[in-house]
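For reference, the chains in residue letters:
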Amino acid sequence: MDGRLPCARSVGEGIWSTHHNHQQRGRNISDEPAVANDHPLGATPWVRADYIRKFRTLTEGILAPQEIERFLDVAQRLPKLTAAELYQLEIALPAGTLKSNPRTGIFGFHK
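Position labels on residues start from 1 in each chain and follow its written sequence. Residue-level local features of this predicted model are given only where pLDDT is at least 70; pairs of side-chain atoms are given and counted only at 80 or more, and the full residue set underlies all totals for whole chains, interfaces and linings. Based on all heavy atoms of the structure, the side-chain values leave hydrogens and waters out of the count.

### Details of helix α1 (residues 48-59)
Working step 1: Compared with the 16 Å implied by 1.5 Å per residue over 12 residues, the 17 Å span of α1 between its first and last C-alpha is a close match.
Working step 2: Of all the positions in α1, only D50, I52, F55 and T59 are classed as buried.
Working step 3: Throughout, a residue-residue contact means that at least one pair of heavy atoms, one from each residue, lies within 4.5 Å. Here a strand is any run of E in DSSP of at least two residues, a helix any run of H or I of at least four, and the numbering for each starts at the N terminus. The inward-facing, buried residues of α1 contact α2 (65-76).
Working step 4: Taken from the residues just after α1, G61 is the one with a positive phi, measuring 85°. Multiplying 1.5 Å by the helix residue count minus one yields the expected span of that helix. The classification of residues rests on relative accessible area computed with a 1.4 Å probe and restricted to protein chains. Under 20% of the type maximum is buried, over 50% is exposed, and intermediate values are partly exposed.

In structure tokens form, the structure reads like this:
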């Protein structure tokens, strides 16, 4: 054998292999892929419909259905938006959704 990994296989997001040569018999080697599977260069690249489905899933129950559709419509027209229209990419949350944090800073330290 020339030292290459002869039996690599994918396990979830990681890659593992057992190195079978006389110097390092049975040594496990692991690595992470350079990009996620859904990345354009990944094993199963996502298309626009996948990202839209994920956005809808993550915002369901948080944003009003009309706001989800409004945002998706604007986002899909992004290349055609003028500078004055970019504000339309802001998402409007229902009143009372955001809560105020009375603490100062992430650890609650006061000045």
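Past the structure itself, the notes keep going.
### Considerations on the packing of aromatic side chains
Working step 1: Two aromatic rings, drawn from Phe, Tyr or Trp (for Trp, its six-membered ring), form a pair once their centres lie within 6.5 Å of each other, and the interplanar angle then sorts them: stacked below 30 degrees, edge-to-face above 60, tilted otherwise. Inspection of the entire model under this criterion finds 2 aromatic pairs.
Working step 2: Their ring planes at 25° and their centres at 5.0 Å tell us that F55 and F71 sit as a pair that is stacked. Highlighted residues: F55 in helix α1 and F71 in helix α2, separated in sequence by 16 residues. Accessibility assignment for this pair places F55 and F71 in one class, buried.

### Examining the nonpolar core
In a soluble, globular protein the nonpolar side chains are often hidden away together inside.
Working step 1: By nonpolar core we mean a set of buried residues, namely Ala, Val, Leu, Ile, Met, Phe, Trp, Tyr and Cys, connected to one another through side-chain atoms within 4.5 Å. Core analysis: the biggest nonpolar cluster contains 6 residues, these being I52, F55, L63, I68, F71 and L72.
Working step 2: Of all the elements in the fold, those that place two or more residues in this core are α1 and α2.
Working step 3: Here the element with the most residues in this core is α2; it accounts for 3 residues.
Working step 4: When near neighbours in sequence (up to four residues on either side) are disregarded, L63 contacts F55, I68, I91, A92 and L93.

### Concerning the side chain of D50
Working step 1: Relative to the assigned elements, D50 resides in helix α1.
Working step 2: In protein, a polar contact requires one atom able to donate a hydrogen and another able to accept it; more generally it is a pair of N or O atoms within 3.5 Å, and residues adjacent in sequence count only if both atoms are side-chain atoms. Within polar-contact distance, the side chain of D50 engages the side chain of R53 at 3.1 Å.

### A closer look at the environment of D73
Working step 1: Here D73 is to be found in helix α2.
Working step 2: Overall, D73 belongs to the partly exposed group, its relative accessible area being 42%.

### Quick look at a nonpolar patch on the surface
Working step 1: Exposure above 30% relative accessible area and the lack of any salt bridge qualify a residue for a patch; like charges then connect within 9 Å, and the nonpolar side chains Val, Leu, Ile, Met, Phe, Trp and Tyr within 5 Å. Here the accessible surface of atoms and residues is derived via Shrake-Rupley with a 1.4 Å probe, and residues count as covered only by protein chains that are part of the display. Between Lys or Arg on one side and Asp or Glu on the other, a salt bridge is scored when a side-chain nitrogen of the former is within 4 Å of a carboxyl oxygen of the latter. Together, I62, I91, L93 and L98 make up an exposed nonpolar region whose accessible area comes to about 380 Å².
Working step 2: Note on placement: L98 falls in the segment after α2.

### Looking at the pattern of salt bridges
Working step 1: One pass over the structure, following the stated rule, counts 4 salt bridges.
Working step 2: We note a salt bridge from R53 to D50, for which the minimum N-O separation is 3.1 Å. Placement of both R53 and D50 in helix α1 is noted, with a separation of 3 residues, approximately one turn of the helix.
Working step 3: Note on D50: relative accessible area 16%, which makes it buried.

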